[in-house]
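Each chain, written out:
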Amino acid sequence: MTYGELYRRGRDALEGAGVPEAELDARLLLEWVCGTDRNDLLAHGDRERSAGEQEEYERLIAGRKGRIPLQHLTGVQAFMGLEFAVDGHVLVPRQDTEVLVEEALRNLHDGMRILDMCTGSGCILISLLHYSNDCRGVGADISGEALAVARGNAERLLGASACAWMRDGTEVLDGCGADLACAEDRQGRISFIESDLFHGIEGRFDIIVSNPPYIRSGEIPGLMPEVREHEPVLALDGGEDGLDFYRRILEGCRAHLCGGGMLFLEIGYDQGEAVSGLLEEAGFLEVAVVKDYAGLDRVVCGTLGFG
Ligand code: GLN
């Protein structure tokens, strides 16, 4: 079968199953299987593809028809120009979250220590370290399985020498148990810790970033099947009013953010006012809401006052 025929069959199958963005996903899956890019459909649509490629493409199309997220089929998602490995244990990095990273980057200086609370795939922390100089960071998550994904991403994207749990390309300690002290001893720039929010965290940080679960529990059954059935509910459910994690993170900031340190939180489009209010109550100054590229409230940030 030709490249063009395969694409049209895939597209029609996805459209027939009511999959959103059927055309795009059919093309992206075909490019993934064949190692091609978007020009191939226009320029080389008449080229025959192998039986193996056809079989693999049909397998992925069947998965996508079953509403498995595209990124779980390919195992990767681009974020901040980097390619992150993902699986069902982590939230697939969202483009909206790049706004949080960009805001934090604007305020990052050499030598700062960053805490990424609910790190998931590690996309926020790894991007911050990739695009800055000489900063160090800890990623915390309650899920050991998520941390295994984050650790793999850090090794691949920052290099083994940046990873506190690696030495000479070999794992020397359980990455999930490596705390910041170990990171400093070992000259690693990044470490991960399995922790229920601040429970296992020691010391203070110059910047705390977080994209915590913030969906109201009652809204979870109404989410798209890709999210509801395939992404970890632990990474989504923010409690009855969606604000549980913001309250708990703000409680921990007193003991773990330096005076004058900054907090950056991703929020849902309708949580700007509520979360800014929580920051102000907690003693944060210069509290601001930043919009995403769709013009929706997406990030709340503030600076912790001294004293
Ligand atoms: N920090 C990760 C992300 O932004 C995971 C967030 C989460 O699990 N809620 O993608």
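A brief structural summary. As the structure is a computational prediction, the values presented were derived from the model and not from experiment.

**Notes on helix α7 (residues 123-130)**
Counting buried residues in α7 gives 7 out of 8 residues, a clear majority hidden from the surface. Among all positions in α7, only C123, I124, L125, I126, S127, L128 and L129 are buried.

**Overview of the environment of V99**
In this fold, V99 is placed in helix α6 (residues 97-106). Remark: the alpha-carbon pair of V99 and V290, spanning 191 residues in sequence, is separated by 8.1 Å. Excluding residues that lie within four positions of it along the chain, V99 makes contacts with V290, K291, D292, Y293 and V299.

**As for the pattern of salt bridges**
It is possible for side chains bearing opposite charge to pair when their charged atoms get close. Overall, the coordinates contain 20 salt bridges when judged by the stated rule. Where R64 meets E226, a salt bridge forms, and the shortest distance between an N and an O atom there is 3.0 Å. Separated by 162 residues along the polypeptide, R64 in helix α4 (residues 51-65) and E226 in helix α10 (residues 225-230) bring together distant segments of the chain. Looking at R64, the relative accessible area reads 5%, which means it is buried. Measuring nitrogen to oxygen at the nearest pair gives 3.0 Å for the salt bridge that ties D292 to R298. Among the charged side chains, a salt-bridge network with shared partners connects D25, R64, R67 and E226.

**Details of the packing of helix α11 (residues 244-256) against helix α12 (residues 272-281)**
The geometry of α11 relative to α12 is characterised by a closest axis approach of 10 Å and an angle of 20° between their N-to-C directions. In this view, α11 runs roughly parallel relative to α12, as classed from their interaxial angle. Classified by chirality, the crossing of α12 by α11 is right-handed. Where α11 abuts α12, its residues Y246, R247 and L250 lie against V275, L278 and L279. Classifying every residue of the contact of α11 with α12 by side-chain character gives 5 nonpolar, no polar and 1 charged.

Calculation notes
- Residues numbered from 1 in each chain as written.
- Predicted model: local features only at pLDDT ≥ 70, side-chain atom pairs only at ≥ 80, totals over all residues.
- Heavy atoms only, no water.
- Buried < 20%, exposed > 50% of the residue type's maximum accessible area, 1.4 Å probe, protein only.
- Helix = DSSP H or I, 4+ residues; strand = E, 2+ residues; numbered from the N terminus.
- Contact = heavy atoms within 4.5 Å.
- Salt bridge = Lys/Arg side-chain N within 4 Å of Asp/Glu carboxyl O.
- Axes fitted to C-alpha atoms, helices over the stretch in contact; angles between N-to-C directions.
- Parallel < 35°, antiparallel > 145°, perpendicular 65-115°, else oblique.
- Left-handed = near helix turned anticlockwise from the far one by under 90°.
- Nonpolar A, V, L, I, M, F, W, Y, C, P; charged D, E, K, R; others polar.

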